[in-house]
Amino acid sequence: MTAPRYRSRLHQAARERRLETHPLTGWLRDDGECLGLDDYLAKDGYGVVRQVLGRQDPDDVIETLKAANVRGRGGGGFSAGVKWSLTLKGADMPRGYLVCNADEMEPGTFKDRLLLEQVPHLLLEGMILGGYANDAFYGYIFLRGEYVAAARALSRAIEEARAAGWLGRDIAGSGFDFDIALHTGAGRYICGEETALINSLEGRRANPRAKPPFPGQSGAWGRPTVVNNVETLCNVPAVLRFGADWYQGLSGARSDDGGTKLYGVSGRVHRPGLWELPMGTPAGELLDRAGGLRDGRALKAWLPGGGSTGFLLPEHLDLALDFDTIGQAGSRLGTGILALVADDQSLVALVRNLEAFFARESCGWCTPCRDGLPWAAELLRALERGDGRPGDIERLEALAADQGPGKTFCAHAPGAAMPLASAIRCFREEFERGIAAPGKEAR
Amino acid sequence: MATIEVDGRRYAVDGQDNLLQACLTLGLDLPYFCWHPALGSVGACRQCAVKQYRDAEDTQGTLVMACMTPAADGTRLSLEDDEARAFRAGVIEWLMVHHPHDCPVCAEGGHCHLQDMTVMTGHHRRRYRFRKRTHRNQYLGPFIAHEMNRCITCYRCVRFYRDYAGGTDLGAFGAGDNVYFGRHREGVLESAFAGNLTEVCPTGVFTDRTHAERYTRKWDLQFAPGICHQCAVGCNTSPGERHGEIRRIENRYHGEVNRFFLCDRGRFGYDYVNRADRPRRPEWRGESAEPLVLDVDAALDRGAEALRRARRVIGIGSPRASLEGNHQLCDLVGEANFSTGIAAREQDCLARMRRLNRDAGLPTPTLRDVESHDAVLVLGEDLIASAARLGLAVRQAVLGRRAALAAARDIPAWNAEAVMTLAQDARHPLFIAYPTATGLDDIAEQCLHLAPEDIARLGFAVAHAIDPAAPAVDGLDARTRAQAERIAAALLAARRPLVIGGGSLESPALVEAAGNVARALATRERRGGLTLVRREANGTGVELLGGRPLEWALDVLDEGAADAVVVLENDLYQRLPRERVDRALAAARTVIVLDHQRTPTWERAHLGLPAASFAEGDGTLVSLEGRAQRFYAVFEPRYHRPETRIHPGWRWLLALGASLERRAVPEVALDAVTRDCARRHPALAGIVEVVPGAEARVDGLKLARQPHRYSGRTALRADLDVSEPRPPQDPDTPFTFSMEGYAGHERPRREVPFAWAPGWNSPQAWNKFTDEVGGHLRGGDPGVRLLAPAADVGDHVDAIPPPFTPCADEWRLVVLPRLFGGEETSSRSAPIQARAAPATLRLAAEDARRLDAEEGDRLRVETARACVALPLHVDATLPRGLVAIPAGVAAALASGERAWLTAAPEAGEASP
Amino acid sequence: MREHLQPLASDGDGFVLDLADRRAIERERAHYAQPQAACIEALKIVQRRHGWVPDGAIIAIADTLGIGPAEVEGVATFYSLIFRRPVGRHVILLCDSSSCFLGGHEAVRDALSRQLGLDFGETTADGRFTLLPVCCLGACDGAPALMIDDDTYGPVATEDVMELLERYP
Ligand SMILES: Cc1cc2nc3c(=O)[nH]c(=O)nc-3n(C[C@H](O)[C@H](O)[C@H](O)COP(=O)(O)O)c2cc1C
Ligand code: SF4
Ligand code: FES
């Protein structure tokens with residue numbers, strides 16, 4: 001037996017993918033190797049840069065993004081166009097930064113890795129366009145330190161692009177200056193939170209910052225700063241190439257959220273992996289594409305988009321996977337990468353794993369998260385051991401309620417509360433089984 | 001102004017505030033941790049949660065953090081809402097998860113903000129049943145004790161230490177529920193303001209180590225409103241006593257001076273009061289070697305007898321003694337025979353500074369006001385060494401640019417992290433000219449390291465660049481001219497430029513240079529300020545009172561023109577060369593010394609009268625901003641040690657005067673002396689307004705020096721006498737030496753011995769005494785300003801010194817003030833001695849090379865008057881041709897003197 | 001405020017930044033508006049050479065970047081991939097997040113523990129391996145996943161562990 005080297009892969013072959021229908025993965029090579037500059041240019045890569053820079057008004061670019069309704073793929077689903085329209089710019093404002101959030105650490109999420117490793121130029125093109133729209137003079141790719149292959153691909157791509165004049169002064173004769181640097185992180189999930197990310201970029205402890213002011217008003221080094229997810233930015237070139245209507249058309253009747261989504265499935269399925277599908281594809285379709293659960297197990301529950309989303313049940317499988325639909329079902333689309341729980345797997349143990357993760361990854365800034373989450377994790381460990389005490393479940397519910405939005409400083413703790421609260425809501429009896437029988441010595 | 005509705009009641013509040021500030025200003029009790037009035041909001045602790053409602057229809061509401069929510073007009077909120085209360089109780093419960101619950105052995109207990117908040121939120125039962133995490137503690141130096149297990153991770157310590165005070169050696173380490181606040185390596189905290197951690201930290205992580213060995217709960221301390229005697233800034237303190245010892249000093253809020261913070265010299269320098277070797281009874285030194293201990297009457301008789309026999313009696317006053325003491329001495333010997341006790345070169349500077357305060361056209365800002373200046377020029381002062389708290393205020397002025405920038409982007413000043421994020425390292429311009437590095441260099445736009453003459457020349461050049469009517473500097477090199485022009489431009493561009501000069505380098509030219517800059521600015525109608533740094537607590541006051549310099553007094557004695565001398569709280573050996581003082585004292589037939597320290601001067605006294613320190617006596621001091629302030633005795637020393645015969649200097653002198661005239665000692669109270677002093681010295685006329693007199697009452701009550709929970713009163717003296725004596729009476733002040741009397745916060749009063757309000761035992765209780773949080777005491781901030789500029793701006797001074805030129809075989813001495821070890825009385829305190837850096841002699845690298853000397857080599861510096869040997873420190877910033885030594889190692893060596901250097905043998909050389 | 005300091009004899013421990021490292025740090029500085037931003041990269045540069053970040057390096061980096069040593073230590077101790085204690089020649093980062101949990105990472109952890117006689121956070125006596133947990137490696141379709149040095153593996157079966165370790169002498 002040999003453990004395989006891990007490779008990021010898409011399950012759709014080249015013949016299934018075209019740029020007109022697969023704006024993200026239409027670029028990918030079938031062999032999983034990184035698409036170099038020559039190949040990228042051969043497919044008219046950077047064509048949109050030439051088409052837009054200096055020719056289109058930045059505000060029009062933003063209008064197109066708004067009309068296309070490109071919703072943030074980092075998990076929040078905030079409209080990229082709206083975010084860009086709120087960035088402070090103008091004669092009396094210093095030019096700021098565009099930051100790509102490539103810190104992908106959300107438990108169960110493995111989508112940005114694919115794009116980073118295999119089409120770095122697409123991201124660079126999206127960033128140049130984003131920089132142009134937001135009047136940024138410099139871009140950073142904030143890449144998690146463990147993505148070694150992505151770091152190699154990105155460094156190479158940045159050098160190639162700079163050498164070819166796609167980065168630097170007067171890009172493609174447009175008069176627009178913009179350059180990009182790669183910043184690699186040193187661990188810690190919280191760096192993915194956009195304001196913590198900015199602190200980390202500045203070489204500080206990655207505690208989040210209070211909002212307002214939002215990064216668009218005062219971000220990195222106090223300048224207007226836009227933070228967007230890798231996947232979000234990778235959508236930008238196609239939106240500007242083909243237009244908002246085309247983008248909306250990709251998801252068609254399935255969803256009001258435009259475009260496609262890089263969906264994925266993990267868990268005990270036959271074919272875990274990634275697919276680029278129209279926004280609003282039902283979860284059931286993904287489960288089918290993944291070949292269903294292995295070992296003849298049945299589905300017990302699923303997380304729609306990472307550890308900080310709420311559990312959904314088999315009955316929710318036909319819901320369209322878009323931000324509003326999943327939100328209405330009481331969860332969040334998050335990153336849109338599904339994690340499936342089989343019927344023989346313990347929800348208490350899984351939630352313990354999640355809460356231990358969130359507790360460990362708390363930045364330690366605000367009290368409910370810093371001291372509340374470890375407590376929840378301890379209670380869950382007790383329940384898992386069968387050492388729970390009457391009242392523990394109510395304590396957990398109260399702890400989850402106290403991590404609600406607005407009660408903590410950032411969205412980390414609310415993210416931790418979601419799976420906890422939903423698991424207790426849906427599977428309370430599993431938790432009750434963890435309460436020690438009367439008379440049994442609890443530790 | 002804005003109107004907000006809190007739990008159904010409408011209030012008018014300041015719309016610039018956040019809701020927490022607004023609520024606290026209204027006197028509402030809302031718990032909080034991470035917010036601090038001087039540090040602003042960061043929203044970390046989540047303790048100040050309240051319910052906010054969109055409008056009258058909104059019954060649901062949402063939880064918001066009061067400290068992070070603007071007090072906008074029309075805001076509706078509830079503190080009492082069930083969800084808000086439950087959440088706040090939850091926050092405390094989380095904060096206490098790892099807390100050791102060690103209140104009984106914790107030095108914070110009884111004045112602990114965490115205790116107060118725990119009680120306020122009603123948390124009283126521990127539900128967390130898992131293991132607590134524990135931390136190791138660090139040694140942080142002689143001032144601060146560290147107990148990390150008590151930490152509640154509010155981040156206040158680093159925010160004060162790093163963001164506010166500029167320290168670089170305290171940080172937050174780790175993450176998650178394992179955050180650690182400490183030094184990067186175990187060791188002495190470097191900041192001059194580390195002591196404030198004891199008050200900024202809301203629990204017992206950072207506590208006063210000097211207090212630890214003779215610890216007393218706050219409720220068992222007896223307090224009085226104090227004025228720090230350790231420099232001329234005039235910070236208000238709250239010294240606490242038990243068993244006849246000062247046990248700790250806390251900050252006493254003053255809305256215009258120190259507000260929330262003290263420096264470490266002031267906070268930890270009190271131990272001289274407790275020295276075992278202090279004179280406590282009159283001593284007569286006749287022919288025999290052993291002094292004879294006398295009782296008061298005998299001492300007065302002998303003293304009077306000796307003075308009566310004298311042909312002429314000289315009085316030597318003191319800039320560290322009260323106005324009343326100096327006045328009474330002046331009264332005893334007559335104005336013609338009174339010396340201020342200040343050496344001539346220093347007094348010259350003081351006189352010039354007084355004149356400049358009147359005729360340089362710019363007012364002296366209060367410390368609070370310093371913070372709102374937007375360009376600062378410091379000529380010849382290392383403020384962190386010579387007037388540390390002023391330096392901290394200058395730092396805030398320079399950082400004030402941040403808030404200005406933030407305001408332009410609608411970021412409220414209280415949103416601390418956002419303000420810092422936006423402004424990054426934007427600063428108002430600060431220029432410092434000083435011979436070597438100073439404690440504010442890190443935030444200065446430019447630091448010029450120059451010899452004192454050249455600093456003065458730079459100042460004169462700046463003045464000329466601002467106002468061409470100011471004399472030009474001859475032979476100025478192009479570089480200095482450009483620098484002067486740059487500084488002038490920055491000062492002119494500012495809304496409120498501040499010029500800071502002073503006497504630290506004892507250079508009259510330097511003082512005048514600052515004066516010319518001020519005049520130039522005043523002429524150009526800049527609404528700026530002029531701050532002139534004096535060295536000692538009452539230097540400003542004694543100079544106003546008047547008198548001849550110390551040299552004159554010694555000369556008169558030496559020449560035999562007088563044969564008796566009375567020295568008040570002054571160690572003459574700290575001021576002039578030993579031989580000279582020896583000679584003068586030897587020439588006098590009678591030497592009477594009043595002091596609270598057994599100084600070399602005391603040892604030369606025929607009659608020594610034990611004077612009160614700030615802890616046992618009252619009096620008035622005038623700070624460098626010209627503010628006359630009264631300090632009050634903290635305790636009556638005879639209560640615990642009946643054998644002591646300590647009295648305030650003024651009272652001894654009054655009694656001596658009466659004895660001299662064979663009158664009965666009159667029953668005179670302090671107020672009468674103060675009035676008399678004001679009448680006799682017109683410059684001091686204002687001091688009668690300083691305080692409510694001894695007859696002042698609140699609701700008909702005197703004011704209590706002890707908290708109402710003061711315990712063990714009946715047992716305190718049980719080792720002396722089991723029957724409980726009447727508490728000592730205090731005819732001089734409105735305070736009682738007991739818990740009887742008013743101690744509350746509702747009735748406005750200016751003189752508050754200690755801050756306490758129901759539910760608020762910690763220093764945060766000061767918020768209950770102010771008109772708004774961080775504002776002014778509701779009863780008015782203590783003190784009366786005596787110095788104000790006259791309407792006419794005086795003429796520019798044109799005595800510009802020639803440039804300094806290094807000399808081949810001769811050096812120029814500069815004596816550099818230092819915070820720890822550079823001041824007479826605090827240097828007698830053990831914690832300060834432990835903290836003081838070893839004294840070194842500094843030379844420029846090139847000069848050291850020329851002498852073939854290396855770091856650590858012992859060198860001997862010699863002037864016409866004295867010499868001292870010290871290890872060499874090669875100073876990369878010091879200009880060539882200067883040799884620098886720290887203040888406090890050799891009193892007879894003075895700045896500006898010519899000096900010679902020789903190699904000194906390793907050991908055996910006399911060192912101080 | 002340096003001249004008010006008590007000299008801190010133990011500070012620095014005589015650590016000297018390697019010249020190439022100092023240059024690399026200075027190059028890194030150029031990418032950012034403020035020198036502090038190069039702090040994390042500086043720590044990584046030192047760590048690349050020494051395997052971990054020794055105490056003296058904190059001061060050296062602080063001096064190079066012109067920021068306070070406590071600031072550098074605050075950063076160094078915040079991030080999980082900066083090691084302030086010596087680690088083994090090879091660092092095993094085992095993903096312990098939810099998808100790998102569902103994929104059975106606890107069994108792999110136990111296998112590693114058994115093989116190496118280690119718990120999370122420990123280093124083998126021969127200084128060969130250090131075992132650490134890591135946030136979701138973004139390899140959930142290859143769960144359970146782990147990294148050894150710069151190499152990512154997944155899915156890793158318990159039976160693979162032995163052979164895998166042998167590749168890292
Ligand atoms: C705790 C936490 C972790 C996050 N991690 C990531 C991440 O790894 N990648 C990411 O793109 N967004 C992450 N986000 C979301 C970002 O804060 C931010 O919303 C996003 O980068 C914005 O990009 P988008 O609008 O393009 O989605 C995280 C948010 C939180 C609260
Ligand atoms: S919720 Fe609070 S402690 Fe948790 S990560 Fe966010 S700011 Fe940090
Ligand atoms: S005081 Fe408001 S959050 Fe700490």
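Residues numbered from 1 in each chain as written. Chains lettered and ligands numbered in written order. Predicted model: local features only at pLDDT ≥ 70, side-chain atom pairs only at ≥ 80, totals over all residues. Heavy atoms only, no water.

So, the packing of aromatic side chains
Filter applied, for reference: What counts as a ring pair is set by centres within 6.5 Å for rings of Phe, Tyr and Trp (its six-membered ring), and what kind of pair is set by the plane angle: stacked under 30 degrees, edge-to-face over 60, tilted for all other angles. Each helix is a run of DSSP H or I of at least 4 residues and each strand a run of E of at least 2, with the numbering of both proceeding from the N terminus. Each residue gets one of three labels from its accessible area relative to the maximum for its type: buried under 20%, exposed over 50%, partly exposed in between, using a 1.4 Å probe on protein chains only. We call a charge positioned above a ring when the Lys NZ or Arg CZ atom is no farther than 6 Å from the ring centre and deviates by at most 35 degrees from the ring normal.
Under the defined criterion, the tally for this structure stands at 38 aromatic pairs over all chains. For the ring pair A:Tyr97 and A:Tyr140, a centre distance of 5.7 Å and an interplane angle of 35° mean the geometry is tilted. Of this pair, A:Tyr97 sits in strand 1 (residues 96–102) while A:Tyr140 sits in strand 2 (residues 136–143), and the two are 43 residues apart along the sequence. Taking the centre distance of 6.1 Å and the plane angle of 50° together, the rings of A:Trp221 and C:Tyr32 count as tilted. A residue pair is termed interchain when its members come from two chains, as with A:Trp221 in the loop between helix 8 (194–201) and strand 4 (225–229) and C:Tyr32 in the loop between helix 1 (19–29) and helix 2 (39–50). You'll find A:Trp221 and C:Tyr32 in the same group, each marked buried. Within the aromatic cluster, the residues linked to one another by ring pairs are A:Tyr97, A:Phe137, A:Tyr138, A:Tyr140, A:Trp221 and C:Tyr32. Residue placement shows B:Arg705 over the ring face of B:Phe737; its charged tip is 3.9 Å from the ring centre.

Re the sheet that holds strand 22 (residues 529–533) of chain B
Residues and elements named next belong to chain B. Rules: For two strands to count as paired, DSSP must find a minimum of two bridges between them. Orientation is described by axes fitted as lines to C-alpha atoms, over the contacting stretch for helices, and by angles from 0 to 180 degrees between their N-to-C directions.
Judged by pairing direction, the sheet is parallel, and its five strands sit side by side in the order 20-19-18-21-22 without closing on themselves. Each edge of the open sheet carries a strand with a single partner, namely strand 20 (446–449) and strand 22. When the angles between neighbouring strand axes are averaged without regard to direction, this sheet yields 10°. When strand 19 (residues 430–434) meets strand 20, the two strands line up parallel, connected through four bridges. Opposite Ile432, over in strand 20, you have Cys447 as the bridge partner.

Describing unusual backbone geometry
Residue A:Pro212 is bonded to the preceding A:Lys211 through a cis peptide linkage, with omega at -10°. You can see A:Pro212 is positioned in the loop between helix 8 and strand 4. The amide bond that connects C:Ala143 to the next residue, C:Pro144, takes the cis arrangement and shows omega of -10°. Note that C:Pro144 resides in the loop between strand 2 (129–134) and strand 3 (146–148). Not every positive phi belongs to a glycine, and A:Asn69 is a case in point at roughly 55°. Following the sequence through the fold, A:Asn69 ends up in the loop between helix 3 (58–68) and helix 4 (80–86).

Quick word on the environment of B:Ile800
Residues and elements named next belong to chain B. Cut-off, in case you're wondering: Any two residues having at least one pair of non-hydrogen atoms within 4.5 Å are treated as being in contact.
Inspection of the secondary structure assignment puts Ile800 in the loop between strand 30 (784–785) and strand 31 (811–816). It is 7.6 Å that separates the C-alpha atoms of Ile800 and Ala456, two residues lying 344 residues apart in sequence. Sequence-distant contacts of Ile800, that is, excluding residues within four places in its chain, are made with Arg457, Phe460, Pro471, Ala472 and Val473.

Remarks on the site of ligand 2
Note the cut-off: Here a residue is considered near a molecule or strand provided that any single heavy atom belonging to it is located within 4 Å of it. In this classification, Asp, Glu, Lys and Arg are treated as charged, Ala, Val, Leu, Ile, Met, Phe, Trp, Tyr, Cys and Pro as nonpolar, and every other residue, Gly included, as polar.
Around ligand 2, the surrounding shell holds 13 residues, and the nearest of these are A:Ser362, A:Cys363, A:Cys366, A:Cys369 and A:Cys410. Classifying every residue of the shell around ligand 2 gives nine nonpolar, four polar and no charged.

Let's talk about the domain arrangement of chain A
Residue and element names in this part refer to chain A. Convention followed: Residue ranges assigned to the domains are those given by an automatic or database domain assignment. Defined in terms of a 1.4 Å probe, buried area is the accessible area two parts forfeit on being brought together, summed over both. Any carboxyl oxygen of Asp or Glu within 4 Å of a side-chain nitrogen of Lys or Arg constitutes a salt bridge here. Any N or O atom pair separated by 3.5 Å or less is treated as a polar contact, with the protein-specific requirement of one donor-capable and one acceptor-capable atom, and with residues adjacent in sequence counted only for side-chain atom pairs.
Entries for chain A in the domain assignment read domain 1 (20–242), domain 2 (262–340) and domain 3 (347–432). Between domain 1 and domain 2, the C-alpha centre-to-centre distance is 27 Å. Each partner contributes residues to the interface: domain 1 has 22 residues there, and domain 2 has 18 residues. Between domain 1 and domain 2, a total of about 1,500 Å² is buried, with carbon and sulfur atoms accounting for 61% of that surface. Remark: the boundary between domain 1 and domain 2 carries one salt bridge. Between the two partners, domain 1 and domain 2, sit nine residue pairs in polar contact (both at pLDDT 80 or more). Grouping the amino acids of the side of domain 1 that touches domain 2 by side-chain chemistry returns seven nonpolar, ten polar and five charged.

Some details on the pattern of salt bridges
Under the defined criterion, the tally for this structure stands at 116 salt bridges over all chains. Between A:Lys66 and A:Glu63 there is a salt bridge whose closest N-O contact spans 3.6 Å. Of this pair, A:Lys66 and A:Glu63 both sit in helix 3, three residues apart, which is roughly one turn of that helix. We classify A:Glu63 as partly exposed; its relative accessible area is 44%. In this structure, B:Arg713 engages B:Glu724 in a salt bridge whose closest nitrogen and oxygen atoms are separated by 3.2 Å. You can see B:Arg713 sitting in helix 25 (residues 713–716) and its partner B:Glu724 sitting in the loop between helix 25 and strand 29 (735–736), a full eleven residues away along the chain.

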